[in-house]
Structure formats: structure tokens, C-alpha cells
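# Commentary on secondary and tertiary structure
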Amino acid sequence: MKVFLRIVLFCFLVGIGSSCKKSDDPKAPEAPYTILCYLSGNEGGKWGNLDRYLKQNLVDMCYGLADKKKAVQVLVYYRAKVTDEEVVAPTIYSFSFDGYGKINGKTAPGKYADFAEVLKIADVKKQYPTSDNSMYPKTMGKVFGDLKSFSQKNKYVLIMGTHATGWLKGKLVYNTRSFGNDNGYSIDLPEFHQVLAQHFNADNLECLFLDACMMGTAEVAYEMRNITKYFLFSVMETPIAGYPYEKIIPLFLTEKVNYQEVCDQFKAHYVNKGLWGTSAAVKASAMGELAGSVRTELDKIKDTLKNIDLESIQQYGIDNAPDEEFEWADFSYDIADFFRVANNGTLPASIYSALNNAVIAKSVLSGEEGFQFRGLTVAKDKFSGIGMYLPMREKNTWNDFFKTLQWYSAAGWNIYYPL
């Protein structure tokens, strides 16, 4: 009996020791969202080498999240160049951060790590045929579904990293195009919305972060207003390196995201690099009010629309590109500045109120600070955070596609300026 009691006592003490040891291990609180990334670097034509910058974004993200005392899962769909030797096929990777310097149980790469070091700690969840184009709606929908199936949570932040030209129609397309670039192919805005709407809504998607050029327009936000709570995007072309992921992704580890700090970090990152850019966060549910106010104010100036001096309004597309394929002047004008000019220097109260409700954060490297992109500068006092197309010039291809977007009718252009 004594031997038995000794054994029981020994097991009890071992159990206590084991329990104490476990309690000493740090366990960080969990972040409220899974961070989903859809990164496509297989661009074609003259778009530039985006692939290496997307890889650096992922390296920076891993470093930035490693020791933030929050446990978080990051799921990354990566479509590299078809000739890439590191990512030989489109792949979903999973990264589980413990908040104390470990990713998937391994020591996180340092600040100056390369992409190969990040891949060594990645958990490969799924690979897809190389022939699957990431901008094909069926491919995109399948990947979104797979990303959600691998997620440990049912609330998300979705980062879309690729090239883009806002709401505009493109050339190499499956149907028509406005977003993305995979070997020159893209997906159009209505189809992009349809694919996203199959998987996301304002209840499960905190933020749709469009880290791509020219997406910060009313046309984009209104079309996709029902699939997220907030948008994060730029109305003009962004520097090819994208947002500073090391600084901004950790800001999504809390339930209440400080979007102004996100935008401020974008500006702080580029202000000392002599580059350009805008950043804004927009509340999706406020886009209906903005459309209504635009429609109301257009009605008040319908008889003078043709006399408005468009040259005096802040616009966000370049017209000094090295190739006319990249000239996008007039694709989007600042909403506030348009109505200010149209009303002889006074911004209508309804537009002010609607924009104040919709644009919850913004930052800009303004022309007054000496920043420009191929001759395009942005005046700080003219930047409202979001732009819209003015179908008032002879741009037939643009105008035809513009009519297919929901904003065209919602904002009243179909009545006040028929095309």
C-alpha cells in the first residue's frame, strides 16, 4: 500500500510540475480576424516587376507581426510568375503567429530575411495547377472558399495585392476588366463583386484592402458596398512597393482598427522617399448616402454641367505616361472638388456630410510638399479621399463601360448627363 501511495504521490507531483511549466509558457490573446492575402505577381506586358515586391510585402508582414503579443493566423494565396523557382505553382500558405516570435512553432525570420527564409517556415495548405489564372472568376472563387476553409476564425481582413486600373475596362480580358493582372488578364468590377459576394459580407469582412492602383473611386466602393465594412485603397497610382506591411498589418490585430493610423503610416513611409501617393479608408455602408447626395446636387446644376471647367478640378489619372496605354487622365476626379468648383467655390452641405460619413481616414503626399507622379500632383486641400468619373468628355469606350456600373444610375448620371 505504501508503494502504491508513493507512486500516486510521485505522479501527482509530476503532474503539478508539468502544469506549472505549461502555465509559464506565454500565451498571447487571439486577434479577432484571420488575415487573408490574395497576391498575384504573374503580371504581363509592361506592368513592371510586381512579383518581387509582393514577396517583400510578405517578408515585412511576417517580421511586423512576429512579436506583437497577439496570436494571429495569416493565410496567403500566392500566384508567382510561371517561371518562378521558389513558388512553382499557385499556393496557399498558412502562418500561425504566437505573438512571441514564433511562426508555425519556428523562430520568425528577422527584419532583413529574404523570401526563401519565409517559405521555410510556411505551412503549405494547397497547390493549384499553374494553368489556373488568378484573375479568372472561377479560380478566384475557389481560392476564396479554400482560404476560408483553412481559417481558424470566421472574421477576416482581405488583402488583394496586384496591379489594377480602377474601374476602367482593359484589353486582355476574360470578359471585361478593371482589377488585377495575371499574364495580362484581369477581372471586371461587376464580376469581381460577384465573386467576393459569394464569400464575404459586412458581417465577416472587416476590411477589403485593395493594395493596387487607382481603386479608391466611388464606382469601386459603391459596386462592392455590401461585401465589407471598410475599404482601404488609393485613388491614384501607388508606388510599386505598396503599403508598408511591417507597420500597418499589426494595426489589424484589434477589433477596432485605427484606420487613420494606417493611412498615416502610409504617408510616413513614403514622405522621406520623395515619392507620391494617397490613402483612404471608406465606410462601405455610407456609399448609399454618398450616391444620393451626388444625385441631389447634380440635379441642382444640371443646366450648367456643360459649362464646368474640368481643368480646374483635382483629378487623379496621369496624362504624361511613357506609353499611351498607361495614360488615364480624367478617369477620376475628386468628388468634393468637383461640387466645390460647380458651386462657385462652395461645397454643398449634403456632399460635405456624406463624405464626412463615408471617408473615415485619409492621408496624402500633396503637391504643395513637392510630390508628383509623372506631372500629377494632389493638393491637400482638394483631396477628399475618394474620386468619381465625370462622363463629360468624348471618351466613348470609357463611357460605354461606365454605364454598366451601379454608380452610373445610383448617382444620377443616367438622368443628368445621359451618354
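These remarks concern the structure in this document. The model shown is predicted, which means the values in this text are computed figures rather than measured ones. (Residues numbered from 1 in each chain as written. Predicted model: local features only at pLDDT ≥ 70, side-chain atom pairs only at ≥ 80, totals over all residues. Heavy atoms only, no water.)

On to the packing of aromatic side chains, then. All told, the structure shown has 26 aromatic pairs when counted by the stated rule. Between Trp167 and Phe402, the aromatic rings sit 5.6 Å apart at their centres with planes inclined by 55°, giving tilted as the arrangement. Of this pair, Trp167 sits in the loop between strand E7 (156–161) and strand E8 (179–182) while Phe402 sits in helix H12 (residues 396–402), placing them 235 residues apart in sequence. One exposure class covers both Trp167 and Phe402, and it is buried. (Phe/Tyr/Trp six-rings, centres within 6.5 Å; stacked < 30°, edge-to-face > 60°. Helix = DSSP H or I, 4+ residues; strand = E, 2+ residues; numbered from the N terminus. Buried < 20%, exposed > 50% of the residue type's maximum accessible area, 1.4 Å probe, protein only.)

Further remarks concern the environment of Pro32. You can see Pro32 is positioned in the loop between helix H1 (2–24) and strand E1 (34–40). Each C-alpha atom, one on Pro32 and one on Val72, is 8.1 Å from the other, the two residues being 40 residues apart in sequence. Beyond its immediate chain neighbours, meaning those up to four positions away, Pro32 contacts Lys153, Lys155, Leu253, Thr254 and Glu255. (Contact = heavy atoms within 4.5 Å.)

Let us now look at the pattern of salt bridges. In the structure shown here, the tally under the stated rule is 16 salt bridges. A salt bridge links Asp123 to Lys125; its shortest N-O distance comes to 3.5 Å. Judged by relative accessible area, which is 35%, Lys125 ranks as partly exposed. Salt bridges sharing common partners tie together Asp51, Lys55, Asp84 and Glu86. (Salt bridge = Lys/Arg side-chain N within 4 Å of Asp/Glu carboxyl O.)

Attention now goes to the nonpolar core. Counting 90 residues, the largest nonpolar core has Trp167, Phe338, Trp407 and Trp413 as its most contacted members. Apart from the residues within four sequence positions on either side, Phe338 is in contact with Leu298, Ile301, Leu305, Ile308, Ile313, Met388, Leu390, Met392 and Trp413. (Core = buried A, V, L, I, M, F, W, Y, C linked by side-chain atoms within 4.5 Å.)

Attention now moves to the state of the cysteines. Enumeration according to the criterion identifies zero disulfides in this entry. Here Cys207 stays free of any disulfide, with the sulfur of Cys263 as its closest cysteine sulfur at 9.6 Å. Note on Cys263: relative accessible area 0%, which makes it buried. (Disulfide = S-S within 2.5 Å.)

A separate point is the pairing of E7. Within a regular beta strand, the side chains point alternately toward one face of the sheet and then the other, so they alternate between its two faces. Burial of E7 is extensive: six of the six residues sit out of reach of the surface. Neither face of E7 is open: one carries Tyr156, Leu158 and Met160, the other Val157, Ile159 and Gly161, and all of them are buried. Looking at chain direction, E7 and strand E10 (residues 205–211) are connected through six bridges and run parallel. Opposite Met160, over in E10, you have Leu210 as the bridge partner. (Pairing = 2+ DSSP bridges.)

Another point: the packing of helix H4 (residues 137–150) against helix H5 (residues 189–197). Contact geometry of H4 with H5 gives a least axis separation of 9 Å together with a crossing angle of 25°. Taken together, the axes of H4 and H5 lie roughly parallel to each other. Note that H4 runs across H5; the crossing there is right-handed. Along its contact with H4, which presents Pro137, Met140, Gly141 and Phe144, the element H5 presents Glu191, Phe192, Val195 and Leu196. Tallied by class, the residues present in the contact of H4 with H5 amount to six nonpolar, one polar and one charged. (Axes fitted to C-alpha atoms, helices over the stretch in contact; angles between N-to-C directions. Parallel < 35°, antiparallel > 145°, perpendicular 65-115°, else oblique. Left-handed = near helix turned anticlockwise from the far one by under 90°. Nonpolar A, V, L, I, M, F, W, Y, C, P; charged D, E, K, R; others polar.)

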